[in-house]
Amino acid sequence: MEKSGQDQQSVDIRIQNIGGIDETSIQIHSGVTALVGENATNRTSLLQAIAAALGTDSYTLKSDAEAGEVAMTMREETYVRRLRRENGHVESEGDSVLENPALAELFAVLVDSNDVRRAVREGRDLREVILEPVDIDEIHSQITELVDRRREIDRELDRLEILDDELTELELERTRQTEKLEEIETELAETRAKLDGLQSERGDRERSAIEAELDEKLTQLGDTRDELERVTAKKESEQKRLTSLRENRATIRHQYESQTPPDEAELARLEERLDALRDRQRSLSSTITELQQVIRFNEDRLAESESLVHRELGDGDQSVTGRLDPASETVTCWTCGSTVEQQSIEQMVGQLKDLREEKTEEKRQTASEIADVRDSIEQMRTRRQEYEELDEQLTALEAKIEDSEATVADLETRSDALEAKREELEAAVEQLQETQQDELLELRQRASELEYEKGRIEGELDSVTTQIAETEQALTAREELLDERETIVAQLRDLRTRIERIERNAVEAFNTHMAELLDILEYENIGRIWVEQTETEIADGSGDTTQRTFELHVVREGDDGAMYEDTIDHLSESEREITGLVVALAGYLVHDVHESVPFMLLDSVEMIDGERLVDLVSYLEEYVPYLVVVLLPDHARTFERRLTAERHHLVEV
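Here's a quick rundown of the structure. (Residues numbered from 1 in each chain as written. Predicted model: local features only at pLDDT ≥ 70, side-chain atom pairs only at ≥ 80, totals over all residues. Heavy atoms only, no water.)

1. Concerning the overall build of the chain
Operational definition: Under the scheme used here, helices are H or I runs from DSSP no shorter than 4 residues and strands are E runs no shorter than 2 residues, and both carry numbers assigned from the N terminus. For every residue, the accessible area (1.4 Å probe, protein chains only) is compared with the maximum for its type, and the residue is labelled buried under 20%, exposed over 50%, or partly exposed between those bounds. The contact criterion used throughout is that any non-hydrogen atoms of two residues lie within 4.5 Å. Only the protein chains shown count as cover for residues, with accessible areas throughout obtained via the Shrake-Rupley method and a probe of 1.4 Å.
The secondary structure content of the chain amounts to 12 helices and 16 strands. Considering the chain as a whole, with its 653 residues, one finds that 40% of them fall into the buried category. Contacts in the chain between residues at least 24 apart in sequence constitute 74% of all its contacts with a sequence separation of at least 6. Accessible surface for the chain amounts to roughly 35700 Å². Of this, 43% is attributable to carbon and sulfur atoms.

Next comes the structure, spelled out in structure tokens:
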């Protein structure tokens, strides 16, 4: 991805009943927008509103509200997303910026619960989160479709190769038929000339009754031969069609009989299971967001309590009344008003976090089960549709075969009748000729025969000419097919290497940006943090397969200058969070997230000291059009001191 431009327009956001916000508006400028305030000042709620407008589920509806709304105006387009509480769950409707917010959830909405950051904290395989937006099944489906199309093209190219050979034969046949037609036309012209000469010699003498009768019989014979030829050709064509229909019926019947119709009861059970799983997923999403809100609320209250202790003790007063008792580390509970140990609340918050992690894992498992059940339902529905389509095809083919058989029978009857009539007329003509052997009659008969032969050859010549034209037309598609095949080969190459390419680019992006940031941030005794692609042979029951993973390495520098390998577990909280954010940046760049998501939202970065946070944000803004970060006042003062106001906007919350 190129570094972000400097000419982005500002974005206006109107918020109602999101997080802890009743109603407010905010303008996000290109560059960095810092939301500044103490804890519990709705900075996170503003991020939730932006995330909701983008289309993600990283938001909560105000606890005392039944409905809420966020409207974002960007690039002269306004997107309004409306939220409502229904049956204990928060539902959404309206328009959001993104149709598929998965990329934003992973690589742009970088709040504390972001899955990429959590994967780094928990030491999970980073390859899974980087590839999560990639629909591997869809890639395999596209590959299958392209392979099938390539086979079709190959078969068509083979057919065209045969047609090319046939074209030469057709052209030779056209030449032969043309020469034969010329010979017949020459003989017919000579015969007619002789006939005209004899008729002139005889003058105006009336033709005998035999001559008149012979002329009539010859005309009838020519008409009968023409009709017989047309009926015979039609019968042969219909017989070929009937044979093709029967072969097609046999193929379809074999397919039909080899399939088993889906179990409708099982399909209904799966559909009910899918509905239940989706309800469970929505319930878990609501529970997770509500837990996050409770956790955030209690953490903010605890942070305020600690700040109050420091202020009171800093003034030399060792006795804090009302809310705090430093000696016993007790606080006044903000929910029930009783005095409790601060450690108890911290333990409760820890339990809530554990519960959130448990619900998050259950949500992931539910999503996986939903995908499996949905695939099973789709497969069963596809089988049912294929089974019904085959049944419909068989019914239609039976009707066509019945009609074709009736047509063939009718044409055979007509052909037999015309054949009998032809034989009768030929016998009559032969008898008339025997009755009166006359040159004039012989010439007339020959002329009639030549006329018939001329018409037959002209018909064959027209047929050959039509076949040549059709063949030449078909052959013109060969270049297009070759071009399409070349395109398909390139697409297959791209699809088959897409996952490997994403992996390679992600590793390269992480290692490059991590190295640059470590140089900038100057963490002590960290020599290098880098990702290595590894492959492991595993047994899956059908043979060994290769499993690829991303292995995160931490290299430290000892006091003596020697380098040694360490683990992510031994990094400081600040170092781990920086690592997680760089993994997210790598995903942001590799998946071209900026094309659909011009935002990156940063929260829960207070563990990074102010100077390094300024350096980190300055680095990220080079790649993100709109970077929104939540800051405490101490960090904000560092931002004001070090950064210019042109591209960095501080918003007091």
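2. Focus on the pairing of strand β1 (residues 11-18)
Keep this limit in mind: Think of it this way: DSSP has to see at least two bridges between two strands before they count as a pair.
Pairing between β1 and strand β2 (residues 21-28): 7 bridges, direction antiparallel. Counted as the bridge partner of R14 is S25 from β2. Hairpin remark: β1 followed by β2, antiparallel, with 2 residues in the connecting loop; positive phi at G19, about 60°.

3. Some words on the packing of aromatic side chains
Heads up, the condition is: Only the six-membered ring of Trp is used, alongside the rings of Phe and Tyr, when aromatic pairs are assigned; centres must lie within 6.5 Å, and planes under 30 degrees apart are stacked while those over 60 apart are edge-to-face, with the rest tilted.
Considering all chains together, one arrives at 3 aromatic pairs under this definition. Between F599 and Y626, the aromatic rings sit 5.1 Å apart at their centres with planes inclined by 20°, giving stacked as the arrangement. On the criterion of sequence distance, the pair formed by F599 in strand β14 (residues 599-602) and Y626 in strand β15 (residues 626-631) is long-range, its members being 27 residues apart. Residue F599 is classed as buried on the basis of its relative accessible area of 0%.

4. Let's talk about the sheet that holds strand β6 (residues 89-94)
For clarity, the cut-off: Helix axes are fitted only over the stretch in contact, all axes being lines through C-alpha atoms; the angle between N-to-C directions runs from 0 to 180 degrees.
Ordered in space as β2-β1-β4-β5-β6, the 5 strands form an open sheet in which the pairing is antiparallel. Two strands close off the open sheet at either side, each with one partner strand: β2 and β6. Along the sheet, successive strands turn relative to each other by an average axial angle of 15°, direction set aside. Across the face of the sheet, helix α1 (residues 43-54) comes into contact with β1, β2, β4 (67-74) and β5 (77-86) while running at roughly 110° to β1.

5. Some words on the packing of helix α3 (residues 115-122) against helix α10 (residues 573-590)
Spelled out, the test is: For this classification, under 35 degrees means roughly parallel, over 145 means roughly antiparallel, 65 to 115 means roughly perpendicular, and everything else is oblique. It is the rotation of the near helix from the far one that decides the hand of a crossing: anticlockwise by less than a right angle makes it left-handed, clockwise makes it right-handed. For this classification, the nonpolar set comprises Ala, Val, Leu, Ile, Met, Phe, Trp, Tyr, Cys and Pro, the charged set comprises Asp, Glu, Lys and Arg, and every other residue, Gly included, is treated as polar.
Two elements in contact, α3 and α10, have axes whose closest approach is 8 Å; the angle formed by their N-to-C orientations is 135°. When the axis of α3 is compared with that of α10, the two are oblique. Classified by chirality, the crossing of α10 by α3 is right-handed. On α10, the residues that touch V116, R117, V120 and R121 of α3 are R576, E577, T579, G580, L581, V583 and A584. When its residues are assigned to classes, the contact of α3 with α10 shows 5 nonpolar, 2 polar and 4 charged.

6. Section: the environment of S415
Checked against the element boundaries, S415 lands in helix α8 (residues 342-435). Its relative accessible area of 8% is what places S415 among the buried residues. The spacing of S415 and R230 is 185 residues in sequence and 9.4 Å in space, taken between C-alpha atoms. Once residues lying within four places of it in the same chain are set aside, the contact partners of S415 are L228, V231, T232 and K235.

7. A closer look at empty space enclosed by the protein
Test applied: The distinction between a cavity and a pocket rests on a 1 Å grid over the protein atoms alone: a 1.4 Å probe fits inside a cavity but cannot get out, while a pocket stays open yet meets protein on both sides within 12 Å along at least five of seven lines, and a residue with an atom within 4 Å of a point counts as lining. Grid points are joined across faces, edges and corners, and a volume is the space filled by probe spheres set on the points.
Across all of its chains, the model carries 2 cavities of 30 Å³ or more by this definition. Taken as a whole, the largest cavity encloses approximately 60 Å³ of empty space. Lining the largest cavity, in full, are L126, I130, A506, V507, F510, V531, F550, V583 and A586. Breaking the lining of the largest cavity down by element, the ones donating at least two residues are α4 (126-131), α9 (439-521) and α10.

8. Some details on the nonpolar core
Note the cut-off: The definition of a nonpolar core used throughout is a set of buried Ala, Val, Leu, Ile, Met, Phe, Trp, Tyr and Cys residues joined through side-chain atoms within 4.5 Å.
Core analysis: the biggest nonpolar cluster contains 114 residues, and I13, I15, I28, M72, F599 and L602 have the highest contact counts within it. With 18 residues, the single largest contributor to this core is α9. Contact partners of I15, with chain neighbours within four places excluded, come to I21, D22, E23, T24, I26, L46, A49, E69 and V70.

9. Notes on the pattern of salt bridges
Our working definition: Throughout this description, the term salt bridge denotes a Lys or Arg side-chain nitrogen within 4 Å of a carboxyl oxygen of Asp or Glu.
Per the counting criterion, the structure on display carries 55 salt bridges. The residue R478 makes a salt bridge to E161 at a minimum N-O spacing of 3.8 Å. Here E161 lies in helix α5 (residues 136-202) and R478 lies in helix α9, a separation of 317 residues in the sequence. The class for R478 is partly exposed, based on a relative accessible area of 21%. For E161, a relative accessible area of 46% translates into the label partly exposed. The salt bridge involving E264 is made with R384; its shortest N-O contact spans 2.9 Å. Pair noted here: E264 is in helix α7 (residues 264-314) and R384 is in helix α8, with a separation of 120 residues, a long-range link. Residue classification places E264 among the partly exposed residues on the basis of a relative accessible area of 40%. With a relative accessible area of 27%, R384 lands in the partly exposed category. A network of salt bridges, in which partner residues are shared, links D115, R118, E122, R124, R356, E357, E361 and R364.

10. Details of the packing of helix α11 (residues 610-620) against helix α12 (residues 633-642)
One can describe the packing of α11 onto α12 by two numbers: an axis separation of 9 Å at closest approach and a directional angle of 60°. Considering their axes alone, α11 and α12 lie oblique with respect to each other. Crossing angle aside, the handedness with which α11 passes α12 is right-handed. Residues G610, E611, L613, V614, D615 and V617 of α11 lie in contact with α12, whose contacting residues are H635, T638, F639, R641 and R642. Across the contact of α11 with α12, the residue classes break down as 4 nonpolar, 3 polar and 4 charged.

11. Remarks on the sheet that holds β15
With respect to topology, 5 strands assemble into an open sheet ordered β7-β14-β15-β3-β16, the strand pairing being parallel. Edge strands, defined here as strands with exactly one partner in the open sheet, are β7 (109-110) and β16 (648-652). Two strands pair when backbone bridges link them, and β7 and β14 are joined in this way by 2 bridges, in the parallel orientation. Residue pairing for β14: L110 is matched across the bridge by L602.

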